[in-house]
Amino acid sequence: MDAGWLACYGALKQPGAWTPPAEEIRHLSALLKHRDLLVSDAARENNRLEKYRATHTPEGIIMSAENMLARLNDQLAEIELMLKQPLESHIWHRADSLKDRVERGAYVQNAYLH
């Protein structure tokens, strides 16, 4: 049944071919997914640490949890920097690209007018 509906939809709408997202988008998506995992892990570790501190947990385990939380926060900071870099470079790249297109357009326009 589903295949029949898809065939009818394709015949009626004739959708364009799917193209994969650009490399920049795939990279940014991977960074965001990794960041979400780190945020979850840090929240879980923080909750665990609070439980340890509220109970009679050996100091070595508390120190281990504190170290793990510190590492997760360090990783989050690194991911945040990595997220800013592609965004900033992409914005500048787009601005340069737009400037190039405007200049080419002016050149082409002048060529046709003269």
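Residues numbered from 1 in each chain as written. Predicted model: local features only at pLDDT ≥ 70, side-chain atom pairs only at ≥ 80, totals over all residues. Heavy atoms only, no water.

Here the focus is the overall build of the protein chain. Counting its regular elements, the protein chain contains three helices and zero strands. Going residue by residue from the N terminus, the α and β elements of the protein chain occur as α-α-α. Counting the 114 residues in the protein chain, one finds 12% classified as buried. Taking contacts inside the protein chain between residues at least 6 apart in sequence as the whole, the part at least 24 apart equals 64%. Of the roughly 9700 Å² of accessible surface on the protein chain, a fraction of 60% belongs to carbon and sulfur atoms. (Helix = DSSP H or I, 4+ residues; strand = E, 2+ residues; numbered from the N terminus. Buried < 20%, exposed > 50% of the residue type's maximum accessible area, 1.4 Å probe, protein only. Contact = heavy atoms within 4.5 Å. Areas by Shrake-Rupley, 256 points an atom, 1.4 Å probe, with all protein chains shown as cover.)

On to the confidence of the model for the protein chain. On average, the protein chain scores 82 in pLDDT, and the residues at 70 or more come to 74%. Averaged pLDDT values for the elements of the protein chain fall to 73 in helix α3 (residues 59–113) and rise to 94 in helix α2 (residues 23–54). Across residues 106–114, where pLDDT falls below 50, the model places zero contacts with residues more than four positions away in sequence or in other chains. (pLDDT = per-residue confidence, 0-100.)

With that settled, consider unusual backbone geometry. The phi angle at Gln 14 is positive, at roughly 45°, despite the residue not being glycine. In this structure, Gln 14 sits in the loop between α1 (2–13) and α2. Here Gln 14 falls in the exposed class, since its relative accessible area comes to 65%.

Once that is clear, we can look at α2. Note: α-helices contain 3.6 residues per turn, so residues at a spacing of three or four share the same orientation. Over its 32 residues, α2 runs 47 Å from end to end, which matches the ideal 46 Å to within 8%, given 1.5 Å per residue. Of all the positions in α2, only Leu 31, Leu 38, Ala 42, Glu 45, Leu 49 and Tyr 52 are classed as buried. (Expected span 1.5 Å × (residues − 1).)

With that settled, consider the pattern of salt bridges. This model, assessed by the stated rule, comprises six salt bridges. With its nearest N and O atoms 2.4 Å apart, the salt bridge here joins Arg 44 to Asp 41. Residue Arg 44 and its partner Asp 41 are located together in helix α2, separated by three residues, close to a single helical turn. Of the charged contacts in the structure, one is a salt bridge between Arg 53 and Glu 66, with a shortest N-O distance of 2.6 Å. Taken together, the residues Arg 53 in helix α2 and Glu 66 in helix α3 connect sequence positions 13 residues apart. When salt bridges with common partners are traced through the structure, they connect Arg 35, Asp 36 and Glu 80 into a single cluster. (Salt bridge = Lys/Arg side-chain N within 4 Å of Asp/Glu carboxyl O.)

Attention shifts here to the side chain of Glu 45. Along the chain, the position of Glu 45 falls in helix α2. Note on Glu 45: relative accessible area 10%, which makes it buried. At 2.5 Å, the side chain of Glu 45 and the side chain of Arg 48 are in polar contact. Once residues lying within four places of it in the same chain are set aside, the contact partners of Glu 45 are Ala 65, Met 68, Leu 69 and Leu 72. (Polar contact = N/O pair within 3.5 Å; in protein donor to acceptor, adjacent residues only side chain to side chain.)

Look at α1: 16 Å from first C-alpha to last across 12 residues, which is about the 16 Å you get at 1.5 Å a residue. Gln 14, located one to two residues past α1, shows a positive phi value of around 45°.

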